There are 2 protein chains.
Amino acid sequence: MRESEAPESRPYHHGDLRRALVEAACRLLEKEGAQALSLRAVAREAGVSPAAPYHHFKDKSELLDAVAHEGWEKLDLAFQAARDAHTSPPDRVRELGVAYVCFASQHPDLYRVMYDCSRDKADMPAHVLENEESAYRRVREVLISAGADPSDEIGLELATIACWCAAHGLAEMTSFKQFEPLKEALGGEEAFLRGVLAHVGVFAKGL
Amino acid sequence: MRESEAPESRPYHHGDLRRALVEAACRLLEKEGAQALSLRAVAREAGVSPAAPYHHFKDKSELLDAVAHEGWEKLDLAFQAARDAHTSPPDRVRELGVAYVCFASQHPDLYRVMYDCSRDKADMPAHVLENEESAYRRVREVLISAGADPSDEIGLELATIACWCAAHGLAEMTSFKQFEPLKEALGGEEAFLRGVLAHVGVFAKGL
DNA sequence: TGCGCTATCTTAGCGTTGTTCAAATAAGAA
DNA sequence: TTCTTATTTGAACAACGCTAAGATAGCGCA
């Protein structure tokens, strides 16, 4: 007989170890940073042996993929909030960019895992770039509603990619020490981010 | 007495092991990629014991810093060439960006080491951002000669950073598989890069 | 010349990592 | 119950970054 409802009511050895591992990894990521995220440390944090994760993930990289997936979903929430908070299409373009870079600035280690996963495979997660409801498509749609010519498919694609590249570059560079005086002069990081994005065509004028 | 001029005339045990290690690291980087760049592998490639590098570099990261330094100097050469190949200021702005991203595309593993070093310390190498002859200053100068208002210091700074961010983002994303159809439609990677950069304000119109 | 000093390099070893494999364990089906 | 399967463990391997102690080679100075 089971010992009368363990706190988390684990029907199996651990319940859902896969989920527990991803959560432990996220916890570690916030507490200790990205360079402390070893497979063994994650197993330790989840209270399980070093070999246990291999029954749920083929690789360390596959666990990181799952963490990254979690990250993209959180980013998607921020995206939705930014879009819903503004009605004017040009505002929406700008605020989408700001939301993106702010997310990266607030979760630097998570963002690093997210992009390192993509970079290693030269491949973005399908639901980010390809889906109908993907973040990429969302940017594209907002660009159209802000005045971009929907019949110029190639131009539209290039503009969307330019958006994304500028946001990603800024996301990785905004923490550089050299920019701190400028941030202070502008009254905070967000003003700095807005200032930089304003010099990227698509963010500046919606086309 | 010395044994009559050994091939490389090594006055000491190895001659200049520091330099030899950096060169071995660069060789490994091209042959095996960035994830194969362990300290022990570098020592092996240089024909020396695993502990030898520690007399020339405090850390593994300090060796990588030296490799990155080498990379920034190579990039600087490409920058100079791009600037000297064009006379019209707007052309120069554009070609600087293209040269930057092309360099990253041609030496992806080196570029990765270069940026990972900066990212880990949230700090760009001094000679890249701060010096008078730095790449950053070079972009700034070209922006001014292309029509940017030199009295608007903050605006100029923001525009330069926007340049840099877009170039960096594109450099890291240009290898993504999802962009391949678009590259083909445009007739090659360079056309793709130019197309994307054309949607970044500073690259597009020099301001 | 010979002696010591110091920088350089090696050998050996520690603790950690990613990964594999055989054995142990528990859940569900018969 | 017993069999089967999914899950977890424990032990081990190779490779890693790094350290400490000893060997070696070049240099200055008597």
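As the structure is a computational prediction, the values presented were derived from the model and not from experiment.

Parameters at a glance
Residues numbered from 1 in each chain as written. Chains lettered and ligands numbered in written order. Predicted model: local features only at pLDDT ≥ 70, side-chain atom pairs only at ≥ 80, totals over all residues. Heavy atoms only, no water. Axes fitted to C-alpha atoms, helices over the stretch in contact; angles between N-to-C directions. Helix = DSSP H or I, 4+ residues; strand = E, 2+ residues; numbered from the N terminus. Left-handed = near helix turned anticlockwise from the far one by under 90°. Contact = heavy atoms within 4.5 Å. Nonpolar A, V, L, I, M, F, W, Y, C, P; charged D, E, K, R; others polar. Salt bridge = Lys/Arg side-chain N within 4 Å of Asp/Glu carboxyl O. Buried < 20%, exposed > 50% of the residue type's maximum accessible area, 1.4 Å probe, protein only. Least-squares fit on C-alpha atoms with pLDDT ≥ 70 in both. Domains from an automatic or database assignment. Buried area = accessible area lost by both parts, 1.4 Å probe. Polar contact = N/O pair within 3.5 Å; in protein donor to acceptor, adjacent residues only side chain to side chain. Parallel < 35°, antiparallel > 145°, perpendicular 65-115°, else oblique. Expected span 1.5 Å × (residues − 1).

Asks: Break down the packing of helix H3 (residues 60-84) of chain A against helix H4 (residues 89-106) of chain A for me, with residues and values.
Replies: Residues and elements named next belong to chain A. At a minimum axis distance of 9 Å, the contact between H3 and H4 shows a crossing angle of 145°. In this structure, H3 crosses over H4, and the sense of that crossing is right-handed. Two secondary-structure elements touch here, H3 through Gly71, Trp72, Lys74, Leu75, Ala78, Phe79, Ala82 and Arg83 and H4 through Arg92, Glu95, Leu96, Ala99, Tyr100 and Phe103. Taken together, the residues of the contact of H3 with H4 break down into nine nonpolar, one polar and four charged.

Asks: So, the pattern of salt bridges: which residues are in play, and what are the values?
Replies: Oppositely charged side chains can form a pair if their charged atoms are brought close together. All names here are of chain A. Under the definition given, this model contains 39 salt bridges over all chains. In this structure, Arg138 and Asp76 form a salt bridge, with 3.3 Å as the shortest nitrogen-oxygen distance. Placement of Arg138 in helix H7 (residues 135-145) and of Asp76 in helix H3 is noted, with a sequence separation of 62 residues between them. The exposure class of Asp76 is partly exposed, given its relative accessible area of 21%.

Asks: So what's going on with the relation of the copies chain B and chain A? Which residues, and what values?
Replies: Put simply, the second copy of the chain is the first one after a rotation about an axis and a shift along it. Under the fitted operation, chain B is carried onto chain A by 0.0 Å of movement along the axis and a turn of 180°, and the coordinates agree to an RMSD of 0.1 Å. Look at the turn and shift together and you get a two-fold axis relating the two. Residue by residue, 100% of the interface of chain B is reproduced at the interface of chain A, so both copies engage with the same surface.

Asks: How would you explain the domain arrangement of chain A if you had to name every residue and give the values?
Replies: All names here are of chain A. Taken domain by domain, chain A consists of domain 1 (1-57) and domain 2 (61-205). Once you take the C-alpha centre of each, domain 1 and domain 2 turn out to be 31 Å apart. Contacts between domain 1 and domain 2 engage 13 residues on the former and ten residues on the latter. Summed over both partners, the interface of domain 1 with domain 2 buries about 970 Å², with 79% contributed by carbon and sulfur atoms. Looking at the side of domain 1 facing domain 2, the largest losses of area belong to Val22, Leu29 and Phe57, adding up to 45% of the total buried there. Linking domain 1 with domain 2 are one residue pair in polar contact (both at pLDDT 80 or more). Those elements giving two or more residues to the side of domain 1 that touches domain 2 turn out to be helix H1 (17-32) and helix H2 (39-45). Take the side of domain 1 that touches domain 2: its biggest share by element is six residues, from H1.

Asks: Provide a residue-level description of the packing of H4(A) against helix H8 (residues 153-173) of chain A, including the pertinent values.
Replies: Residues and elements named next belong to chain A. Two elements in contact, H4 and H8, have axes whose closest approach is 9 Å; the angle formed by their N-to-C orientations is 25°. With respect to each other, H4 and H8 are oriented roughly parallel. Both H4 and H8 take part in a crossing whose hand is right-handed. Where H4 approaches H8, its residues Tyr100, Val101 and Ala104 are matched on the opposing element by Trp164, Ala167, His168, Leu170 and Ala171. Per-class residue counts for the contact of H4 with H8 are seven nonpolar, one polar and no charged.

Asks: Please provide a residue-by-residue account of helix H1 (residues 17-32) of chain B, values included.
Replies: All names here are of chain B. Spanning 16 residues, H1 covers 21 Å between terminal C-alpha atoms, matching the ideal 22 Å at 1.5 Å per step. Those residues of H1 lying buried are Leu17, Ala20, Leu21, Val22, Ala24, Ala25, Cys26, Leu28 and Leu29. Where the residues of H1 are buried, they touch helix H2 (39-45), helix H3 (60-84) and helix H5 (108-121). Phi turns positive one or two residues past the end of H1, at Gly33, with a value near 95°.

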